[in-house]
Amino acid sequence: MFFTYLYRELSNRRKQTAIIATGMALAIALVIIVNSVAGGVKAAQSTVLQSVYGVGTDITISQTETPSSTGGRPTFTFGSGGGTTSGNSTSLSQSSLSAARGTATFADSALAKVEKTTGVKSAAATLSLQLNDFSGTTTQQGTSGTTGGTAQQQAPTGTATGAPTGGQGGGGFGGGSFSFDQTTVSGVSVTADAVGPLTSVSLTKGRTFTSADAGEHVLIVDSSYAKTESLAVGDTKKIGSTTFTVIGIVKSTSSSATTGSDMYMPLDTAQKVADLSGKVSTIYVSAESSSDVSTLKSALEKTLPKVTVSTESDLASSVSGSLSTASSLVSNLGTWLSIIVLAAAFLIAILFTVSGVTRRTREFGTLKAIGWSNGRIVRQVAGESFVQGLIGGVAGVIVGIVGVIVINVIAPTLSGGAATTTAGGAGGGTPPGGAAGGTAGGAEGGTGAGTGATGARFGAQVASTATEVSLHAPIAVSIIVIAVALAVIGGLLAGAIGGWRASRLRPAEALRSVA
Amino acid sequence: MYSLKDVTKTYVQKKRTVTALSKVNLEIPTGQMVAIQGPTGGGKSTLLQMLGALDKPTSGEIVLGTKTVSTLGDSKLADIRATDIGFVFQGFNLIPTLTALENVQTAFARSPLSRDEQKARSMAALESVGLAERADHLPSELSGGQQQRVAISRALVKEPSVLLADEPTGALDEATRDEIMDLLEGVWRDRGLTLVIVTHDSSVARRAERRLHLKGGHVKDA
């Protein structure tokens with residue numbers, strides 16, 4: 001009789017059943033989608049962090065950059081004879097390797113202190129550098145000669161400004177074309193394989209570093225960068241005045257992310273060519289136990305008071321870009337929306353159930369009159385609400401899974417970069433130079449300085465290459481179970497309240513109320 | 001048999017105390033057919049609810065057979081209603097979403113019988129009132145008289161010792177009224193149960209062995 005009565009009630013009160021189930025389904029679907037997207041965003045953040053910090057890194061140690069008067073901008077200075085002149089054209093080319101913008105270096109003796117700290121499983125130091133390549137051609141009006149000047153690039157987002165000043169004799173500035181290329185280079189320990197940037201890459205060609213590579217001029221190159229620059233194993237690459245040999249090509253272990261650096265070289269080599277001997281920019285630390293990370297962080301902060309010690313959760317908050325926006329959206333709007341819709345669904349279920357009990361006063365009064373106990377009536381009402389919640393839960397799971405599948409099919413690309421590391425720029429443009437401008441002092445007597453050429457626009461273009469990750473929202477069985485449980489709890493809650501109302505009906509009063 | 005001693009029932013309505021029954025003393029022997037008449041608000045339905053263990057008196061004592069129902073808790077009262085007492089209401093009070101057969105089956109609230117046995121007995125009860133072919137119909141698909149027959153089947157299927165009917169013909173036309181009364185009278189005679197009918201209809205009351213008049217909370221034999 002219980003199931004017959006339940007089935008008849010639900011099938012004959014389809015509208016109420018549909019409203020309660022729909023409300024519950026929407027709430028459950030939202031819970032599933034928000035949780036799946038949150039899981040996807042978290043995985044994406046982890047991917048971004050791994051691509052930058054490597055797999056297994058629990059803590060990173062770095063130093064906050066102190067703003068310099070020049071803002072850390074790379075400067076290219078060309079003296080007389082700094083370019084090669086041919087006819088009226090002068091070719092300029094220069095590259096520099098310096099500490100990456102946004103990072104500061106500190107003494108590599110810190111690594112030994114870190115390794116001695118209790119709770120440290122392994123540690124590795126890196127030096128993040130940026131390679132700035134500047135090249136271009138200027139054209140001179142009138143007399144040809146050697147051009148000297150200073151160009152300063154307003155990196156990373158601005159436009160290079162400046163112009164050759166003080167032309168020695170000859171004509172004025174007649175325009176030019178310049179390109180600026182910025183590449184990220186990491187100096188890594190050739191022996192550290194448990195922690196560090198190279199733990200999140202896989203070798204596609206060539207070989208990785210060995211201890212014999214210490215101090216050698218060898219490079220491991222990211223596959224995307226290698227493709228752009230047409231580099232292969234065995235090729236050479238000039239960095240500054242040093243020629244390096246490519247020994248390996250790597251790609252990110254994540255199919256949806258790029259590696260954290262364009263090129264990798266031995267740490268001691270990087271320190272030498274960047275003129276940063278004894279300096280590192282980041283130490284990667286793997287803790288012996290993941291549960292002791294916060295304790296280890298405190299110990300490291302005590303050991304190295306002048307540096308910044310960040311755990312993985314600290315780093316997650318440093319991830320920027322659309323990934324950060326998505327994370328914020330999911331954790332704030334998504335969670336609150338889920339809670340509000342869930343609460344609304346519960347409220348709807350409760351109100352409809354209580355309303356149904358009120359409408360069925362005569363029915364319950366009659367059942368009590370023919371001997372039904374309070375417990376049996378409560379079970380009947382709760383059973384109906386339970387099934388309504390269950391229907392809503394199952395429908396919500398289906399809608400939620402479909403929603404997650406749609407998200408995964410669309411697979412929106414999220415970009416993210418870690419604020420504590422360099423998001424190096426690759427590429428560079430060669431926009432046309434400005435029209436000839438300025439006055440040519442030398443045009444009138446062959447002496448005097450050309451002054452103030454204006455209009456030459458250096459086409460430096462620095463694009464931040466944040467790691468891009470395709471969002472994949474996982475569907476966890478536990479979330480489905482929790483979602484269905486929530487729907488059932490909602491149904492049971494409504495049923496309990498409705499049943500309690502029904503059990504409080506005095507049979508005589510219930511019958512009298514309809515008399 | 002029923003024995004009522006100084007039964008008083010008062011209600012509080014809008015801060016006003018209303019006395020529905022006032023020191024009612026009444027004996028109803030087993031197997032008697034009793035009709036209760038009186039003006040509206042005279043306490044007829046209240047008396048029937050006391051007899052049916054639906055409510056407890058404010059004071060006084062009600063004994064059904066050997067059970068003092070006026071002192072029992074809600075659970076025990078539900079037990080008595082489930083086994084000893086059958087109800088028939090003026091408005092039939094069938095569950096609208098259940099078929100005629102299922103409505104009759106609801107009477108087995110605390111029956112040790114198997115589901116098949118309950119179903120067989122319910123079907124037999126419907127057959128006894130001539131509604132076997134309507135067993136699968138919803139109440140909305142039945143006439144008033146047919147609905148009341150289903151209600152009577154529901155009241156009798158558990159074989160109670162007492163059948164209480166509150167205006168059982170109040171919503172029926174004259175012809176149907178006579179059919180229902182013939183049915184109730186036949187059951188009363190065949191089963192020897194105690195039948196108490198509350199009615200405004202003198203022609204219904206005249207069929208009873210005993211007629212009680214209830215006015216102002218006081219009862220007396222008519």
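Parameters at a glance
- Residues numbered from 1 in each chain as written.
- Chains lettered and ligands numbered in written order.
- Predicted model: local features only at pLDDT ≥ 70, side-chain atom pairs only at ≥ 80, totals over all residues.
- Heavy atoms only, no water.
- Helix = DSSP H or I, 4+ residues; strand = E, 2+ residues; numbered from the N terminus.
- Contact = heavy atoms within 4.5 Å.
- Areas by Shrake-Rupley, 256 points an atom, 1.4 Å probe, with all protein chains shown as cover.
- Buried area = accessible area lost by both parts, 1.4 Å probe.
- Salt bridge = Lys/Arg side-chain N within 4 Å of Asp/Glu carboxyl O.
- Polar contact = N/O pair within 3.5 Å; in protein donor to acceptor, adjacent residues only side chain to side chain.
- Nonpolar A, V, L, I, M, F, W, Y, C, P; charged D, E, K, R; others polar.
- Buried < 20%, exposed > 50% of the residue type's maximum accessible area, 1.4 Å probe, protein only.
- Pairing = 2+ DSSP bridges.
- Axes fitted to C-alpha atoms, helices over the stretch in contact; angles between N-to-C directions.
- Patch = residues over 30% accessible without salt bridge, like charges linked within 9 Å, V, L, I, M, F, W, Y side chains within 5 Å.
- Parallel < 35°, antiparallel > 145°, perpendicular 65-115°, else oblique.
- Left-handed = near helix turned anticlockwise from the far one by under 90°.
- Core = buried A, V, L, I, M, F, W, Y, C linked by side-chain atoms within 4.5 Å.

## Concerning the overall build of chain A
Part 1 of the reasoning: Of regular secondary structure, chain A possesses 13 helices and 23 strands.
Part 2 of the reasoning: Taking the contacts inside chain A whose residues are at least 6 apart along the sequence as the reference set, 86% of them involve residues at least 24 apart.
Part 3 of the reasoning: Put simply, chain A shows about 22,500 Å² of open surface, and 57% of that area lies on carbon and sulfur atoms.

## Some details on the interface of chain B and chain A
Part 1 of the reasoning: Counting residues at the interface gives 28 residues for chain B and 23 residues for chain A.
Part 2 of the reasoning: Between chain B and chain A, the buried area comes to about 2,200 Å², and carbon and sulfur atoms account for 53% of it.
Part 3 of the reasoning: On the surface where chain B and chain A come into contact, there are two salt bridges.
Part 4 of the reasoning: If you look at where chain B meets chain A, you find nine residue pairs in polar contact (both at pLDDT 80 or more).
Part 5 of the reasoning: Those elements that provide at least two residues to the side of chain B that touches chain A are α2 (74-83) and α3 (100-105) of chain B.
Part 6 of the reasoning: For the side of chain B that touches chain A, the residue count by class is 13 nonpolar, seven polar and eight charged.

## So, unusual backbone geometry
All names here are of chain B.
Part 1 of the reasoning: Backbone geometry at Asn93 places phi at a positive 55 degrees, although glycine is not the residue there.
Part 2 of the reasoning: By secondary structure assignment, the location of Asn93 is in the loop between β6 (85-88) and α3.
Part 3 of the reasoning: Classification of Asn93 by relative accessible area gives buried; the value is 6%.
Part 4 of the reasoning: Of note, Glu159 is a non-glycine position whose phi angle comes to about 55 degrees, a positive value.
Part 5 of the reasoning: By the element assignment, Glu159 lies in the loop between α5 (144-156) and β7 (162-166).

## Topic: the sheet that holds strand β8 (residues 194-198) of chain B
Sheet strands pair by backbone hydrogen bonding; their relative direction is either parallel or antiparallel.
All names here are of chain B.
Part 1 of the reasoning: Sheet architecture is open: six strands sit in the order β6-β7-β8-β3-β9-β10, paired in mixed fashion. Of all the strands in the sheet, the pair left with one neighbour each is β6 and β10 (218-221). This sheet shows a mean twist of 20 degrees between the axes of neighbouring strands, independent of strand direction.
Part 2 of the reasoning: Sheet analysis places β7 next to β8, joined by five bridges and oriented parallel. Bridge pairing in β8 links Leu164 to Val196.

## Considering the side chain of B:Thr199
All names here are of chain B.
Part 1 of the reasoning: Mapped onto the secondary structure, Thr199 falls in the loop between β8 and α7 (202-205).
Part 2 of the reasoning: One polar contact links the side chain of Thr199 to the main-chain amide nitrogen of Asp201, over a distance of 2.9 Å.
Part 3 of the reasoning: Filtering out sequence-adjacent residues up to four positions away, Thr199 remains in contact with Ile36, Gln37, Glu167, Val204 and Ala205.

## Quick notes on a nonpolar patch on the surface
Part 1 of the reasoning: A cluster of nonpolar side chains, contributed by A:Leu390, A:Val394, A:Ile398, A:Val402, A:Val406 and A:Ile410, occupies part of the molecular surface with about 510 Å² of accessible area.
Part 2 of the reasoning: Looking at the secondary structure, you find A:Ile398 in helix α10 (residues 374-410).

## A short note on the pairing of strand β1 (residues 2-13) of chain B
Residue and element names in this part refer to chain B.
Part 1 of the reasoning: Inspection of the sheet shows β1 paired to strand β2 (residues 16-28) by nine bridges, in the antiparallel sense. Paired with Ser3 across the strands is Glu27, a residue of β2.
Part 2 of the reasoning: Linking β1 to β2, which pair antiparallel, is a turn of two residues; within it Lys14 sits at a positive phi near 50 degrees.

## Digging into the sheet that holds strand β4 (residues 59-64) of chain B
All names here are of chain B.
Part 1 of the reasoning: On the basis of which strands lie adjacent, the open sheet formed by four strands has the order β2-β1-β4-β5 and antiparallel pairing. Edge positions in the sheet fall to β2 and β5 (67-68), since each has one partner strand and no second.
Part 2 of the reasoning: Two elements, β4 and β5, share two bridges in a ladder whose sense is antiparallel. From the neighbouring strand, Leu64 faces β5, where its bridge partner is Lys67.
Part 3 of the reasoning: Seen against the sheet, helix α1 (residues 44-51) touches β1, β2 and β4 and runs at an angle of roughly 125 degrees to β1.

## Thoughts on the pattern of salt bridges
Part 1 of the reasoning: Overall, the coordinates contain 19 salt bridges over all chains when judged by the stated rule.
Part 2 of the reasoning: Between B:Asp74 and A:Arg506 there is a salt bridge; the shortest N-O distance is 3.2 Å. Residue B:Asp74 is found in helix α2, and its partner A:Arg506 is found in the loop between α12 (477-504) and α13 (507-513); the two belong to separate chains.
Part 3 of the reasoning: Here B:Asp74 falls in the partly exposed class, since its relative accessible area comes to 38%.
Part 4 of the reasoning: Each of A:Glu9, A:Arg13, A:Arg360, A:Glu363 and A:Glu384 takes part in a single network of salt bridges with overlapping partners.

## Remarks on the environment of A:Asp262
Part 1 of the reasoning: Inspection of the secondary structure assignment puts A:Asp262 in the loop between β13 (242-252) and β14 (263-266).
Part 2 of the reasoning: Sequence separation between A:Asp262 and A:Val185 is 77 residues, and the spatial gap between their C-alpha atoms is 6.0 Å.

## Regarding the packing of helix α1 (residues 2-12) of chain A against α10(A)
Residue and element names in this part refer to chain A.
Part 1 of the reasoning: The geometry of α1 relative to α10 is characterised by a closest axis approach of 10 Å and an angle of 55 degrees between their N-to-C directions. Classified by the interaxial angle, the pair formed by α1 and α10 is oblique. Here α1 runs over α10; the crossing is right-handed. Where α1 approaches α10, its residues Phe2, Tyr5, Leu6, Glu9 and Leu10 are matched on the opposing element by Arg379, Gln380, Gly383, Glu384, Val387 and Gln388.
Part 2 of the reasoning: Grouping the constituent residues of the contact of α1 with α10 by class yields five nonpolar, three polar and three charged.

## Thoughts on the nonpolar core
It is characteristic of soluble globular proteins that their nonpolar side chains tend to be buried jointly.
Part 1 of the reasoning: Judged by nonpolar contacts, the single largest core of 39 residues is most densely connected at A:Ile61, A:Val114, A:Val221, A:Ile283 and A:Val285.
Part 2 of the reasoning: Aside from chain neighbours lying at most four places away, what touches A:Ile61 is A:Phe106, A:Val114, A:Ser281, A:Thr282, A:Ile283, A:Val285, A:Leu300, A:Leu304, A:Val307, A:Thr308 and A:Val309.
Part 3 of the reasoning: Within the second largest apolar cluster, 37 residues are counted, among which are B:Ala125, B:Leu126, B:Val150 and B:Leu184.

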